[in-house]
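Structure at a glance
What follows is the residue order along each chain.
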Amino acid sequence: MKALATAGEALVRLTHNLSALLLALATILVFIQVVTRFILGDAAVWSEVLARGLIIWSTFLVAGAAFRTGTMIPIDFLRSLLPPKGQIWVIRLVVVLTLIFLGVLVWYGWAMAERVQNQRVAMLNVSMSVFYYAIPVGALCAIPGVLLRYADAERGLA
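Residues numbered from 1 in each chain as written. Predicted model: local features only at pLDDT ≥ 70, side-chain atom pairs only at ≥ 80, totals over all residues. Heavy atoms only, no water.

1. Brief notes about the overall build of the protein chain
For clarity, the threshold we go by: Runs of H or I in DSSP of at least four residues are treated as helices and runs of E of at least two as strands, each being numbered from the N terminus. In this description the radius of gyration comes from C-alpha coordinates, and the expected globular size is given by 2.2 Å times residues to the power 0.38. Three labels apply to residues, based on accessible area from a 1.4 Å probe with only protein chains included: buried if under 20% of the type maximum, exposed if over 50%, partly exposed otherwise in between. We call two residues in contact whenever any of their non-hydrogen atoms come within 4.5 Å of each other. Under the convention used here, a 1.4 Å probe and the Shrake-Rupley method define accessible areas, while residue burial counts only the protein chains that appear. Charged residues are defined here as Lys and Arg on the positive side and Asp and Glu on the negative side; His and the ends of the chain fall outside this count. The location of each charge is read from NZ of Lys, CZ of Arg, CG of Asp or CD of Glu.
Across its full length, the protein chain holds seven helices and zero strands. For the protein chain, the sequential pattern of α-helices and β-strands runs α-α-α-α-α-α-α. Expected size for 158 residues packed as a compact globule is a radius of gyration near 15 Å; at 19 Å, the protein chain overshoots this value by more than 25%. Structurally, the protein chain occupies a C-alpha span of about 65 × 35 × 35 Å along its principal axes. Relative to its 158 residues, the protein chain shows a buried fraction of 32%. Contacts spanning at least 24 positions in sequence make up 65% of the contacts within the protein chain whose residues lie at least 6 apart. In the form shown here, the protein chain has an accessible surface area of approximately 10200 Å², with 73% of it arising from carbon and sulfur atoms. Each charge class in the protein chain can be summarised by its mean position, and for the 12 positive and 7 negative side chains these summaries are 6 Å apart.

Pasting the structure below:
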């Protein structure tokens, strides 16, 4: 069990750092877009499309870290009205529903990405599925974050 927790923590760290890197690259690309459009007078339109794709990937990849650190928006008011045993059951229910939702995102996100496999992204000439795969990959990578946060809640640490 310790090895799974360590692997989960490593995946959360990896996706968090990768997300930060993608966001930094997107920022650079937006800067390039501004420079080419307003200073050079000839916009590098590919940079806007690529930046959008990087932001999409960054958003989905960081979900696991957000779950792990508890920075998703919680609804603590109702839970705080319950006794401790009731609170842990509410947490368990939320975890199960979250895992079901992530499973749906993986399943249908994969199907959507496969469906757009033959469509091309304008200006980049890559498959549209490159952007759509962020949905199932991000949801799959978020599962360890949810489970690790739940383990902390069971131990009374969260």
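2. Quick look at the nonpolar core
Applied cut-off: We call a set of buried residues a nonpolar core when its members are Ala, Val, Leu, Ile, Met, Phe, Trp, Tyr or Cys and they connect through side-chain atoms within 4.5 Å of each other.
Leu 22, Ala 26, Leu 29, Ala 51, Leu 54, Trp 57, Leu 61, Ala 113, Tyr 133 and Ala 134 form the largest nonpolar core, which has ten residues in total. The element best represented in this core is helix H2 (residues 45–61), accounting for four residues. Look past the residues within four positions of Ala 134 in its chain and what remains in contact with it is Ile 56, Trp 57 and Phe 60. One finds Ile 91, Leu 102, Ala 139 and Ala 153 within the second-largest nonpolar core, a separate group that totals nine residues.

3. Side note on the packing of aromatic side chains
Selection rule: Note on aromatic pairs: the rings of Phe, Tyr and Trp (six-membered ring only in Trp) are paired at centre separations within 6.5 Å, and the planes decide the class, stacked below 30 degrees, edge-to-face beyond 60, tilted for the rest. Should the NZ of a Lys or the CZ of an Arg lie within 6 Å of a ring centre and within 35 degrees of the ring normal, that charge is described as sitting over the ring.
The full count for this structure, using the stated rule, is one aromatic pair. One cation-aromatic arrangement involves Arg 92 over Trp 89; the distance from NZ or CZ to the ring centre is 4.3 Å.

4. Some points on the packing of H2 against helix H7 (residues 134–154)
When two helices pack together, their arrangement is given by the angle between the helix axes and the distance between those axes. Keep this limit in mind: Angular values range over 0 to 180 degrees, each being the angle between N-to-C directions of two axes fitted as lines to C-alpha atoms, with helices fitted over their stretch in contact. Small angles under 35 degrees read as roughly parallel and large ones over 145 as roughly antiparallel, with 65 to 115 read as roughly perpendicular and the rest as oblique. Here is the rule for handedness: rotate from the far helix to the near one, and if that takes an anticlockwise turn smaller than a right angle the crossing is left-handed, while a clockwise turn gives right-handed. Gly falls in the polar group here, along with every residue not listed as nonpolar (Ala, Val, Leu, Ile, Met, Phe, Trp, Tyr, Cys, Pro) or charged (Asp, Glu, Lys, Arg).
Put simply, H2 and H7 touch, their axes get as near as 8 Å, and they point 25° apart. By the criterion of interaxial angle, the relationship of H2 to H7 is roughly parallel. As for how H2 packs across H7, the hand of that crossing is right-handed. Within the contact between the two elements, H2 uses Ile 56, Trp 57, Phe 60 and Leu 61 and H7 uses Ala 134, Ile 135, Val 137 and Gly 138. Tallied by class, the residues present in the contact of H2 with H7 amount to seven nonpolar, one polar and no charged.

5. Digging into the side chain of Thr 98
Turning to its location among the elements, Thr 98 is positioned in helix H5 (residues 84–115). When its relative accessible area of 15% is taken as the criterion, Thr 98 is described as buried.

6. Considerations on a nonpolar patch on the surface
Our working definition: Think of a patch as exposed residues, more than 30% relative accessible area, with no salt bridge, where like charges cluster within 9 Å and nonpolar side chains (Val, Leu, Ile, Met, Phe, Trp, Tyr) cluster within 5 Å. A pairing counts as a salt bridge when a side-chain nitrogen of Lys or Arg comes within 4 Å of a carboxyl oxygen of Asp or Glu.
Where nonpolar side chains cluster on the molecular surface, the patch consists of Leu 18, Leu 21, Leu 25, Ile 28, Ile 32, Val 45, Trp 46 and Met 123 and spans about 690 Å² of accessible area. Sorting the residues of the nonpolar patch by element identifies helix H1 (2–39) and H2 as the ones contributing at least two each. Examined against the element boundaries, Ile 32 turns out to sit in helix H1. Taking relative accessible area as the criterion, Ile 32 reaches 31% and is therefore assigned partly exposed.

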